[in-house]
There are 2 protein chains.
Amino acid sequence: MDDLPISPTEPRGSPSPGKEQQAAGVGILLQIMMLVLSFVLGHVLRRKKFYYLPEASASLLIGLIVGGLANISDTETSIRAWFNFHEEFFFLFLLPPIIFQSGFSLSPKPFFSNFGAIVTFAIVGTFIASTVTGILVYLGGLIYLMYRLPFLECMMFGALISATDPVTVLSIFQELGSDMNLYALVFGESVLNDAMAISLYRTISLIKSHVPSEQNFFMVIVKFLETFVGSMSSGVGVGFTAALLFKYAGLDIDNLLNLECCLFVLFPYFSYMLAEGLGLSGIVSILFTGIVMKHYTFSNLSENSQRFVSAFFHLISSLAETFVFIYMGFDIAMEQHSWSHVGFIFFSILFIIVARAANVFSCAYMVNLIRPAHRQIPLKHQKALWYSGLRGAMAFALALQSVHDLPEGHGQTIFTATTAIVVLTVLLIGGSTGTMLEALQVVGDGHDGPIGESFEVNNGYISPPYDEEESSGNRLKMRLKEFHKNTATFRALDKNYLTPFFTTQTGDDEEQEDFGEAASSSRRASFHG
Amino acid sequence: MDDLPISPTEPRGSPSPGKEQQAAGVGILLQIMMLVLSFVLGHVLRRKKFYYLPEASASLLIGLIVGGLANISDTETSIRAWFNFHEEFFFLFLLPPIIFQSGFSLSPKPFFSNFGAIVTFAIVGTFIASTVTGILVYLGGLIYLMYRLPFLECMMFGALISATDPVTVLSIFQELGSDMNLYALVFGESVLNDAMAISLYRTISLIKSHVPSEQNFFMVIVKFLETFVGSMSSGVGVGFTAALLFKYAGLDIDNLLNLECCLFVLFPYFSYMLAEGLGLSGIVSILFTGIVMKHYTFSNLSENSQRFVSAFFHLISSLAETFVFIYMGFDIAMEQHSWSHVGFIFFSILFIIVARAANVFSCAYMVNLIRPAHRQIPLKHQKALWYSGLRGAMAFALALQSVHDLPEGHGQTIFTATTAIVVLTVLLIGGSTGTMLEALQVVGDGHDGPIGESFEVNNGYISPPYDEEESSGNRLKMRLKEFHKNTATFRALDKNYLTPFFTTQTGDDEEQEDFGEAASSSRRASFHG
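Residues numbered from 1 in each chain as written. Chains lettered and ligands numbered in written order. Predicted model: local features only at pLDDT ≥ 70, side-chain atom pairs only at ≥ 80, totals over all residues. Heavy atoms only, no water.

Looking up chain A in an unreviewed UniProt entry gives the name Sodium/hydrogen exchanger, with the organism given as Vitis vinifera. In UniProt, chain A has this text filed under Sequence similarities (unreviewed entry): "Belongs to the monovalent cation:proton antiporter 1 (CPA1) transporter (TC 2.A.36) family." Here is the UniProt Subcellular location (unreviewed entry) comment for chain A, exactly as written: "Membrane". (UniProt positions renumbered as here; feature names shortened; annotations may be inferred.)

**Q** Quick rundown of the pattern of salt bridges? Include the residues and the values.
**A** Inspection of the entire model under this criterion finds 6 salt bridges over all chains. Put simply, A:R46 and A:E55 hold a salt bridge, and the shortest N to O gap is 2.4 Å. Take A:R46: its relative accessible area is 33%, and that puts it in the partly exposed class. In this structure, B:E303 engages B:R307 in a salt bridge whose closest nitrogen and oxygen atoms are separated by 4.0 Å. Of this pair, B:E303 and B:R307 both sit in helix α13 (residues 303-334), 4 residues apart, which is roughly one turn of the helix. (Salt bridge = Lys/Arg side-chain N within 4 Å of Asp/Glu carboxyl O. Buried < 20%, exposed > 50% of the residue type's maximum accessible area, 1.4 Å probe, protein only. Helix = DSSP H or I, 4+ residues; strand = E, 2+ residues; numbered from the N terminus.)

**Q** Before we move on, can you summarise the side chain of B:S162 with the specific residues and values?
**A** Residues and elements named next belong to chain B. Structurally, the position occupied by S162 is in the loop between α7 (151-161) and α8 (166-176). At 3.4 Å, the side chain of S162 forms a polar contact with the backbone nitrogen of S130. Dropping the residues within four chain positions of it, S162 is found in contact with T126, A129, S130, N193 and R391. (Polar contact = N/O pair within 3.5 Å; in protein donor to acceptor, adjacent residues only side chain to side chain. Contact = heavy atoms within 4.5 Å.)

**Q** I'd like to hear about the environment of A:A417, residue by residue, with values.
**A** Residue and element names in this part refer to chain A. One can find A417 in helix α17 (residues 408-439). Sequence-wise, A417 and G230 are 187 residues apart; in three dimensions their C-alpha atoms are separated by 33 Å. With near-sequence residues (within four places) excluded, A417 lies in contact with F157, F344, I345 and S348.

**Q** Please give an account of the packing of aromatic side chains that cites residues and values.
**A** Residue and element names in this part refer to chain A. One pass over the structure, following the stated rule, counts 58 aromatic pairs over all chains. Here F264 and F313 contribute two aromatic rings whose centre-to-centre distance is 6.1 Å and whose plane-to-plane angle is 50°, an arrangement assigned as tilted. Here F313 lies in helix α13 (residues 303-334) and F264 lies in helix α11 (residues 257-277), a separation of 49 residues in the sequence. Considered together, F264 and F313 belong to a single accessibility category, that of buried residues. Ring centres 5.6 Å apart and planes at 50° place the aromatic pair F396 and F415 in the tilted group. Pair noted here: F396 is in helix α16 (residues 393-405) and F415 is in helix α17, with a separation of 19 residues, a long-range link. Across the pair, exposure class does not vary: F396 and F415 are buried alike. The side chain of K294 reaches across the aromatic face of F298, ending 4.5 Å from its centre. (Phe/Tyr/Trp six-rings, centres within 6.5 Å; stacked < 30°, edge-to-face > 60°. Lys NZ or Arg CZ within 6 Å of the ring centre and 35° of its normal.)

**Q** Requested: an account of helix α11 (residues 257-277) of chain B, with residues and values cited.
**A** All names here are of chain B. Here α11 spans 30 Å end to end across 21 residues, near enough to the 30 Å set by a 1.5 Å rise per residue. At F267, α11 shows its maximal bend, which comes to roughly 25°, and the proline P268 appears one to four places after that position. Burial runs high along α11: 20 of the 21 residues are buried. Looking one or two residues past α11, G279 carries a phi angle of roughly 80°, positive in sign. (Expected span 1.5 Å × (residues − 1). Bend = angle between axes of the 7 residues up to and from the residue.)

**Q** Report on a nonpolar patch on the surface, specifying residues and quantitative values.
**A** All names here are of chain A. Together, I135, L139, L142, I143, L145 and F151 make up a nonpolar patch on the protein surface, roughly 510 Å² of accessible area in all. Counting residues per element, the nonpolar patch draws most heavily on helix α6 (residues 115-142), at 3 residues. Within the secondary structure, L142 sits in helix α6. (Patch = residues over 30% accessible without salt bridge, like charges linked within 9 Å, V, L, I, M, F, W, Y side chains within 5 Å. Areas by Shrake-Rupley, 256 points an atom, 1.4 Å probe, with all protein chains shown as cover.)

Below, the structure is given as structure tokens:
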């Protein structure tokens, strides 16, 4: 089972193939052992309800420790080569399953009802955060507070460090069963802002390298929107194509299970690569493919295949998630760092906290201006959102790229700072998110159950408590009607046209009602199936 | 789902990361499309009972055609880079799942009752075949019949071209439901002779490069035996360790399905890499891990996990198998060939036919000398075995390696000849194996059913037809008793010690009887589960 692929670094004509293969064997062997250790350790910690060291932190620590040991001992370079973090490998093979599983296990209701807010946080917010960070770092350099970088490099650093990580936050929120809307906000923002951060980083890098631009501010926004809409469309398109294929191919008979699953499993990857091949964002595309495939394609599968693919994607994404943190930890321990700029690290941490505050609170203010009173984002949710800004593999991968993109000392400084920020945020924020969520009282009612359980309960600010808000009666009612009409329109479209067209279901009411629940409980379904 | 890993070729510091990633996207996209096409085409052909173009041949043809088109059109080199056949990628990521699935879906009875014969064919036979081929090619060169190569290079060619391919033969035999003993012979030989061929190739390559050796004939055999026994032990050891882990870890409760499957899925790969890391043969190791994990570890899993892992390994190995042929086809169309030596190709095809005959008939003679009369390998089985000598990905990968190992023109000639042999044998033998099996009347009684079905029926020369052979009564009976005692000993050991120790089963009789059937019907179980 080739579920643990690692890109070999050796060129084609290596002098002694047997030796090379042996080194590869040892390298991969170590990685598998760390994976097994992480899974076992994570299981034990979870069973003991020890939330201060989530699985991601544990994996990162294991990677750091083993990497440190390998660094001290005289490990052969051919074995080491297997542990270098390859950005390409991360982007092409580790990220897709993680993001797809996010979309596939997503309950679409809270995500879409918060879609406006999520997009605001992801686009405007990330832009604010990266600009604020960039400018602060530049100013800090000007007044000799920290290592001085050119303006555009500061902006690049700002962009890459604004990519928050979905993996850790996701797992902690799921573990604790937090408020559904908060979860949708945090998760949606962290997935989409990755796309924004990459787009920003690449655009600035392009500006820096040759293009003399005057409309760069506007250009960045337009380019991002273009990329976003394009990626979303291609992702949705692939999902719908898959739905039609499975509806009409007649593969849901018993002895074709393998063929059915093979094809189903290839579609998400197809979507990711299609978007990348078109120069769009694979992440956004595969996310929406996941959502659409869950909603429409999934129900066209035979029952056995449904059980299998749910478990399959869960398995593959768990492996990829755990591996990302081990891989990162190991590489951090192995890479050369320039620790001479401790000031740079310290102040950049300070600045990203400020920048994240600017992002979250200003965007929340904007969203609250537009939203009706009962749907305001409460302050405690804003605080939770501010707090959940972990930096993870995405920032790390981009920083690693910057080492090659920027002149000698500069890229190294950015890389070291990013590394320090990633380790600190994953360990500190990851370990304390549980405490924070409880302190802010945003943990769901279904404490032990998975998120789907507490969905109906926490649906609070979607279907508002009528008895509380009597004062702003008329305006509120109008808005409410409008909101319900909009929701109703999509539901009607879905029920009358999309579901009958793309699936074998008749789209009756019961089906419709069950859907939210069915989607959110997919994780459980895959367990109990 | 990172089940389609391809090793990136670009070094770490590529100048424009966006562009590189786009090229990778296009490359992988094409590969996924070819995979989907192969699956769909294979399905249609199978449904129409068109056995002249098995799935493997279809995949190879698709790869060849698309590769040819890419060659004619002006495809960018950065996209092409994704299609180059990397031996390392093949050995580390594509081969393990295929071989593991072979072991995992194997019915152990016919395999072990033919174990002596299989080992004879694999070790002695492959040695004979490669020596005969090598000497004939050398002599052919001496008398100016074909391109002249030094003696050791001829021997290397002989070794690499003696590796027969398990994939295609396996699928055709399974499709047609052939005789169980013949299947065990063909399959066992082709899996084990890969290990022998690699070992031979590497040993001769080592001799050629520096070691001045006088005992090379003896050394090769000793080294192979060492490797074989070592690999087998390590594979069996890993399997038993896994069995104990799953027996005592208590993971077979419902909500730990994911953890259980993650760990189960990592073990085979662990076994492969352990053997490679120790300088042994990963193929042999993972094969035996598959057999042991199926027999002992598998029954310690929860029922849901059993269903899942069966389907999982089947899926992954199907993807890997199909991909190998596409990948090979594409690379054959893209590589530079030296077609100037058509004579070399023609005569080497002739020679490998002769060499395979020398291998099969002499080994069968030896085996028949030792075996009792009722267990003789019939001539028609020998012919079928002779005919099934397809050359596949293993020979191709080793030939590709020889391009780097040998001086300019020599490696190229060997590579081109191997390529031609692979394409011809896969298309011709693959397409006609069905006809041949029917002509030789070795197709199982359960024509349409899978192999397990016809097991009891074809058990013919294991539990012999008493009424036929009355003449050699006394000696025969003694031998029979002995044979039954041996079988009984292993079964008793298995029942009284191994099964109770390594599994949660009590090892009662019913369990024991069911086992052969259960193992051989695993494929069906995964379908109907």
